[in-house]
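Chain and residue survey
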Protein chains: 2
Amino acid sequence: MQNFDYMTPTRLVFGENAIEKLPEVMAKIGRRVLLTYGGGSIKKMGLYDRVKELLADFEITELPGIQPNPKYDPSVLEGVRLCKENNIDVILAVGGGSVLDCSKAIAGSAKYDGDPWDIITAKVPTLSALPIVDILTLSATGSEYDSCGVISRTETNDKLAYFSPLVYPVCSFLDPRYTFSVSKKQTAAGCADAMNHIMEQYFCEDATLLNDGFCEAGLKSLMANAKACLANPEDYRARAEMMFACTLGCNGIYALGNSPSGWPCHAIEHALSAYYDITHGEGLAIITPRWMRHILSERTLPRFVKYGINVFGIDASLPAQEIAEKAIDATYAFFEEIGIPMHLREVGIGEERIDEMAHHIAVNEGLDRAYVPLLEPDIAAILRASL
Amino acid sequence: MQNFDYMTPTRLVFGENAIEKLPEVMAKIGRRVLLTYGGGSIKKMGLYDRVKELLADFEITELPGIQPNPKYDPSVLEGVRLCKENNIDVILAVGGGSVLDCSKAIAGSAKYDGDPWDIITAKVPTLSALPIVDILTLSATGSEYDSCGVISRTETNDKLAYFSPLVYPVCSFLDPRYTFSVSKKQTAAGCADAMNHIMEQYFCEDATLLNDGFCEAGLKSLMANAKACLANPEDYRARAEMMFACTLGCNGIYALGNSPSGWPCHAIEHALSAYYDITHGEGLAIITPRWMRHILSERTLPRFVKYGINVFGIDASLPAQEIAEKAIDATYAFFEEIGIPMHLREVGIGEERIDEMAHHIAVNEGLDRAYVPLLEPDIAAILRASL
């Protein structure tokens with residue numbers, strides 16, 4: 001068991017009508033609010049109007065239009081400018097992980113006078129940040145309960161993770177009903193994203209018995225509840241269970257004390273969505289079983305056997321190699337069953353830039369130190385197998 | 001799935017040499033320290049000297065001699081007096097759950113001018129508290145990661161739980177090596193305490209798939225690792241896994257969104273240790289299987305079946321009633337196997353005050369609103385079955 005130093009100071013207000021506590025929470029922080037959101041789904045579902053009603057006494061500046069794979073330019077730059085011009089006290093992010101991630105980059109850069117890219121790349125440390133409150137409308141990234149935001153810079157094909165303990169949300173409001181209108185495509189992609197968060201922590205050299213149980217429970221809960229959400233998008237119970245299993249995805253609690261894995265699937269997928277702007281969860285679902293097959297070896301076999309038996313209920317009396325292969329097949333089959341396109345070509349990615357992406361990943365992501373080290377040819381092989 | 005409002009702001013510094021960060025953590029809080037501890041085991045293992053070295057630049061006032069089932073008089077009263085007289089900035093609790101619980105009652109009362117009992121009984125709300133830092137030396141109560149302290153008042157046979165969000169420890173230092181010298185008796189009792197914390201959350205009307213997996217993982221981890229600790233008290237890995245599984249016991253994370261259970265075994269045991277000052281974990285281990293047998297019914301059967309299959313690996317093809325009974329037997333057998341005396345008479349409790357205790361519990365603990373409501377005759381029956 002590894003040493004760790006852990007704290008998640010975020011308050012979670014979970015359940016029906018959670019946002020009724022929004023004014024009370026906001027009033028303790030400040031009156032001048034930057035309201036960040038995405039393409040307008042929050043208006044369709046009436047959430048935008050409800051937030052404006054609840055915050056009638058606050059001064060609200062808006063940053064709409066934050067895209068999936070949120071962009072440094074214009075969203076982060078525009079947000080920082082708005083914070084400075086309006087002397088913003090607090091950012092209220094209403095949306096999914098992209099809105100939250102973008103808001104974290106804004107929060108961390110708003111009190112810095114130089115180029116925000118210095119902060120996002122950690123060239124300059126984050127010494128202070130605006131507080132963030134959020135209302136979540138998509139179950140997927142876990143950004144509502146972690147200190148990380150992933151930002152894309154289009155012109156350099158960079159998609160990178162910004163970290164600072166100062167950007168944990170102060171409070172996350174989680175009302176599962178705000179995810180009722182999430183499309184089947186995004187429901188499935190969110191499930192795949194959250195499952196991969198858990199797998200990135202489960203597949204490692206040194207895992208505890210407790211963490212293995214936590215991770216296996218998370219995976220089983222996500223699979224069962226995603227299927228229920230797809231069958232009935234307004235199944236409160238399923239949306240609620242899925243929302244919370246996703247929320248814990250990246251804050252560490254699934255695997256405190258496990259050895260680090262290097263998060264290889266995320267590292268590879270970040271290049272895919274940086275180069276092609278695909279849906280993150282879909283990219284992960286495509287990569288995951290190919291990565292698994294690539295790293296399956298005598299050394300990793302016991303992890304795959306445990307995964308197969310405990311997550312998919314594969315017969316423990318079968319030969320180990322067979323259990324592991326069935327587990328990888330079952331992973332693929334589950335993603336396919338929930339409707340995810342399982343080939344890169346189906347999401348518009350061909351052979352053309354595979355080597356360029358593999359090189360970019362090998363140079364930037366440090367996967368030579370991953371659970372199973374991946375060098376440029378390994379990464380290229382995983383990408384080609386995913387075509 | 002139930003609504004919840006959750007936050008645990010405590011920082012956990014876990015692992016070998018964790019306390020090297022102590023001076024840095026303390027320096028941010030204050031210089032005048034109340035050092036609280038128990039019967040002197042921290043001196044035997046050299047921890048007391050190491051803490052004094054690390055805090056050479058701090059002004060330290062000491063409150064030694066805090067007993068198991070920590071007492072309002074003298075410990076809490078004396079601690080509050082010392083805090084006021086010495087203008088204490090921060091309490092450093094070094095020990096197990098009793099030292100921590102006592103420190104929480106002191107912290108919550110130190111800034112109040114009236115009788116501390118007003119604060120502990122919530123007659124007066126806790127409006128401010130001294131910050132608490134702790135170094136844990138016993139895996140059991142989870143007090144290092146929750147906002148509760150259990151205090152006994154001998155003359156009235158009261159043992160009650162004090163709660164305030166202001167008494168979450170600021171930082172808990174968890175070095176498993178400090179539990180190497182814990183006796184077999186206390187190791188087993190600590191395991192039983194932590195297992196019961198999980199059971200109190202698992203046995204409820206409405207549990208999520210995720211939480212069931214978390215709770216089952218916690219129980220299996222505690223059982224496996226307690227046995228390993230008893231076989232080899234200096235097994236770092238086993239002590240570490242046990243320590244962390246205990247730490248999560250009462251902070252809610254095992255079961256966020258489950259319906260409340262009323263914590264019936266704790267409610268009953270608190271009377272046992274208030275009247276007889278027995279070891280809390282032993283009392284719980286004795287009560288638990290008798291409580292289980294008392295509440296087993298058509299309504300609760302499915303929970304016991306799930307518990308039996310997933311925690312003890314009982315053959316799922318057996319009749320449900322048989323699985324449930326085997327699960328209760330296995331619970332009893334496990335506690336017996338780790339050396340816990342499984343009858344009240346073995347810990348010095350006879351028939352004499354059963355009815356008095358049952359009445360006290362029925363009047364004070366609200367078990368008529370528990371998962372399975374328990375009235376005075378139910379409580380008396382559980383106690384008699386435990387003799």
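Since the model is a prediction, treat every value here as computed from it, not as a measurement.

1. Examining the interface of chain B and chain A
Residue-level contacts link 33 residues of chain B with 33 residues of chain A. Taken together, the elements giving at least two residues each to the side of chain B that touches chain A come down to strand E1 (4-14), helix H8 (209-231) and helix H9 (236-247) of chain B. In terms of residue class, the side of chain B that touches chain A is built from 18 nonpolar, eight polar and seven charged. Bridging between strand E1 (residues 4-14) of chain A and E1(B) involves seven bridges; their strand directions are antiparallel. When the sheet's bridge partners are listed, A:Thr8 is paired in E1(B) with B:Thr8.

2. Quick word on the domain arrangement of chain A
All names here are of chain A. Domains assigned within chain A are domain 1 (11-178) and domain 2 (184-385). One C-alpha centre belongs to domain 1, the other to domain 2, and the line joining them spans 27 Å. Contacts between the two partners involve 20 residues from domain 1 and, on the opposite side, 27 residues from domain 2. Of all the secondary structure elements, the ones that give two or more residues to the side of domain 1 that touches domain 2 are E1, strand E6 (148-153) and strand E7 (158-163).

3. Looking at the relation of the copies chain B and chain A
Superposing chain B onto chain A requires a rotation of 180° together with a translation of 0.0 Å along the rotation axis, leaving an RMSD of 0.0 Å. Interpreted geometrically, this transformation is the action of a two-fold axis.

4. A few points about helix H5 (residues 97-109) of chain A
Compared with the 18 Å implied by 1.5 Å per residue over 13 residues, the 18 Å span of H5(A) between its first and last C-alpha is a close match. Where burial is concerned, most of H5(A) is hidden: 13 out of the 13 residues are buried.

5. Observations concerning helix H15 (residues 376-385) of chain B
Taken together, the buried positions of H15(B) are occupied by B:Asp378, B:Ile379, B:Ile382 and B:Leu383. Buried residues of H15(B), viewed axially, fall in a sector of 135°; they line one side.

6. As for unusual backbone geometry
In this model, A:Asp73 is joined to A:Pro74 through a cis peptide bond whose omega is 15°. With respect to the helices and strands, the residue A:Pro74 is situated in helix H4 (residues 72-86). The phi dihedral of B:Ala122 is positive, around 65°, even though this residue is not glycine. With respect to the element layout, B:Ala122 can be found in the loop between helix H6 (116-120) and strand E5 (132-136). One non-glycine residue, B:Asp277, lies in positive phi territory at about 55°. Examined against the element boundaries, B:Asp277 turns out to sit in the loop between helix H10 (264-276) and helix H11 (280-295).

7. What about the pairing of strand E5 (residues 132-136) of chain A?
All names here are of chain A. For E5, the tally of buried residues reaches five of five residues, placing the bulk of the element in the interior. Of the two faces of E5, the one lined by Ile132, Asp134 and Leu136 and the one lined by Val133 and Ile135 are each fully buried. By the bridge criterion, five bridges tie strand E4 (residues 90-95) to E5 in an arrangement that is parallel. Bridge assignment links Val94 to a residue of E5, and that residue is Ile135. In terms of strand pairing, E5 meets strand E8 (residues 171-174) through three bridges, oriented parallel. Within E8, the residue paired with Asp134 across the bridge is Ser172.

The rules behind these values
- Residues numbered from 1 in each chain as written.
- Chains lettered and ligands numbered in written order.
- Predicted model: local features only at pLDDT ≥ 70, side-chain atom pairs only at ≥ 80, totals over all residues.
- Contact = placed C-beta atoms within 7 Å.
- Helix = DSSP H or I, 4+ residues; strand = E, 2+ residues; numbered from the N terminus.
- Nonpolar A, V, L, I, M, F, W, Y, C, P; charged D, E, K, R; others polar.
- Pairing = 2+ DSSP bridges.
- Domains from an automatic or database assignment.
- Least-squares fit on C-alpha atoms with pLDDT ≥ 70 in both.
- Expected span 1.5 Å × (residues − 1).
- Buried ≥ 20, exposed ≤ 12 C-beta atoms within 10 Å, placed from the backbone.
- Arc of directions from axis to C-beta.

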